[in-house]
Structures are given as C-alpha cells and as structure tokens.
Amino acid sequence: MRIYIDADACPVVKITEQVARKYALPVTLLCDTNHILTSDYSEVRVIGAGADAVDLALINLCQAGDIVVTQDYGVAAMALGKKAYAIHQNGWRYTAENIDRLLMERHMAKKARRSKKKVHLKGPAKRTEADNEKFADGLARLLEVARNSDELA
C-alpha cells in the first residue's frame, strides 16, 4: 500500500506525511513543473505541465489498495475505478455511493459558470486547524480500514 498525493496546491501534504510515517507507509507527491515541492519523507515526482498531466500520471501509478489524496472528483472517480481508496483534503472519503453525486454537482456548477447569467458561487472557506485535525483523523481511519479489510473502495 502506498499513498499518492495530488500535490499541486494541496494543503495537507505535511499532515499526510506525519500520519504515513506512523504507519510506515511510502508517500508519493505528484506535482507539475509550476510547483516546487521538497520532502524529507516522500518521493516527489514532477510531471510536465499540461492539462490533467499530473492527474493522469497519478492514476497510472496507483493500484488496488493504494490511497489517493485529492480534491479533484475526477481523479477520485478514476482511483475508485482502479479499486484504490480516495480521500478528500477535508477528511471525508470518496466512495462508490457518493462519487456519482459529486461528479454531477461538479458538472452542474461548471454549467452554471458557463451560462450567460451571473452566478455568485462562494469559494471555499479559509482552512482551519480543525480542518487539519479532521483530515488527519479521516486518513488514520481510512488507513485502518485499508489495512484490516479485504473490501476495496
């Protein structure tokens, strides 16, 4: 089992590394050439810039039973399709039960943005320490499930 992080602008890289260290799990950070990441724990893979280049590289690397940390619903859906686990940076798990709804919501939001009407969508709230704790707890729970379960994603 390995943890892959869609690391471009990911606010939970250090937290993921701390939790992974406790479980002695390897972590791979994937980012494009527009981001410079360094880590004393994780393997860092810099992928050429391009639409979805990092996403596709991550999905090509991950395997059944691996864990993917991403806020991208499309990446999460592809990870689930490969029988990997996927977790959002806010600590909730992507599942077969919620991914279709999430993708539909993303589609509807994109459609609203492209319409000629003015749409005032709120951006994400500022990240708090409580958000970080929620993620760390969610990741630790997911690691326990992944280690103790034959049921994948």
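So, here is what we can say about the structure in this document. Quick caveat: nothing in here was measured; it's all calculated off a predicted structure. In every chain, residue numbers begin from 1 and rise along the written sequence. Predicted model: local features are reported for residues with pLDDT of at least 70 only, side-chain atom pairs are reported and counted for 80 or more only, and whole-chain, interface and lining totals are derived from all residues. Derived side-chain values reflect all non-hydrogen atoms in the structure, with water molecules and hydrogen atoms excluded from consideration.

1. Observations concerning the sheet that holds strand β3 (residues 43-47)
As a reminder of what qualifies: Each pair of strands is called paired provided DSSP finds at least two bridges between the two strands. A run of DSSP states H or I qualifies as a helix once it reaches four residues; a run of E qualifies as a strand once it reaches two. Both are numbered from the N-terminal end. Whether two residues are in contact is decided by their heavy atoms: any pair within 4.5 Å suffices. Fitting a line to C-alpha atoms yields each axis, with helices limited to the stretch in contact; the angle taken between N-to-C directions then spans 0 to 180 degrees.
The strand order across the open sheet formed by six strands is β3-β2-β1-β4-β5-β6, and the pairing between neighbours is mixed. Edge positions in the sheet fall to β3 and β6 (93-94), since each of these pairs with one other strand and no more. Relative to strand β5 (residues 85-87), strand β4 (residues 67-69) runs parallel, the two being bridged by three bridges. Looking at β5, one finds that V69 is bridged to I87. Packed onto the sheet, helix α5 (residues 129-148) meets β1 (3-6), β4, β5 and β6 and runs at close to 170° relative to β5.

2. Remarks on the packing of helix α2 (residues 53-61) against helix α3 (residues 73-81)
Quick reminder of the rule: Angle categories are assigned with fixed cut-offs, so that under 35 degrees is roughly parallel, over 145 is roughly antiparallel, 65 to 115 is roughly perpendicular, and the rest are oblique. Take the far helix as the reference: if the near one is turned anticlockwise from it by less than a right angle, the crossing is left-handed, and if turned clockwise, right-handed. Think of it as three bins: nonpolar holds Ala, Val, Leu, Ile, Met, Phe, Trp, Tyr, Cys and Pro, charged holds Asp, Glu, Lys and Arg, and polar takes everything else, Gly as well.
Direction vectors running N to C along α2 and α3 enclose 15°, while the axes themselves pass 10 Å from each other. By the angle class used here, α2 and α3 are roughly parallel. Handedness of the crossing formed by α2 with α3: right-handed. Facing D55, L58 and I59 of α2, the residues of α3 in contact are V75, M78 and A79. Its residues assigned to classes, the contact of α2 with α3 shows five nonpolar, no polar and one charged.

3. Observations regarding the pattern of salt bridges
We apply this condition: Any Lys or Arg side-chain nitrogen located within 4 Å of an Asp or Glu carboxyl oxygen qualifies as a salt bridge. Throughout, exposure labels follow a simple rule: accessible area from a 1.4 Å probe, protein chains only, divided by the maximum for the residue type, with under 20% read as buried, over 50% as exposed, and the rest as partly exposed.
On inspection of all chains with the given rule, the structure shows four salt bridges. For R21, the salt bridge goes to D40, with nearest N and O atoms at 3.7 Å. One end of the pair, R21, is in helix α1 (residues 13-23); the other, D40, is in the loop between β2 (27-32) and β3, and 19 residues separate them in sequence. With relative accessibility at 68%, the residue D40 sits in the exposed group. Among the salt bridges present, the one from R45 reaches E43, with a minimum N-O distance of 2.8 Å.

4. A word on the packing of aromatic side chains
The condition that has to hold: The criterion for an aromatic pair is that two Phe, Tyr or Trp rings (for Trp, the six-membered ring) have centres within 6.5 Å, with stacked assigned to planes under 30 degrees apart, edge-to-face to planes over 60 apart and tilted to the rest.
For the coordinates displayed, the defined rule picks out three aromatic pairs. Seen from their ring centres, Y73 and Y94 are 6.0 Å apart, and the 70° between their planes marks the pair as edge-to-face. Here Y73 is found in helix α3, whereas its partner Y94 is found in strand β6, with 21 residues between them in sequence. The two residues Y73 and Y94 agree in class, both being buried. Counting every residue linked through ring pairs, the aromatic cluster contains Y73, W92 and Y94.

5. Details of the state of the cysteines
Selection rule: By definition, disulfides here are pairs of cysteine sulfur atoms that lie within 2.5 Å.
Considering all chains together, one arrives at zero disulfides under this definition. Residue C31 stays outside any disulfide, its sulfur separated by 11 Å from that of C10, the closest cysteine. Taking relative accessible area as the criterion, C31 reaches 0% and is therefore assigned buried. In this structure C62 is a free cysteine whose sulfur lies 15 Å from that of C10, the closest cysteine sulfur available.

6. Considering the packing of α1 against α5
Packing of α1 against α5 leaves a shortest axis separation of 10 Å and a crossing angle of 35°. In the packing of α1 onto α5, the handedness of the crossing is right-handed. Contacts between α1 and α5 involve I15, T16, V19 and Y23 from the first element and N132, F135, A136, L139, A140, L143, E144 and R147 from the second.

Any functional reading would require information beyond the geometric quantities listed.
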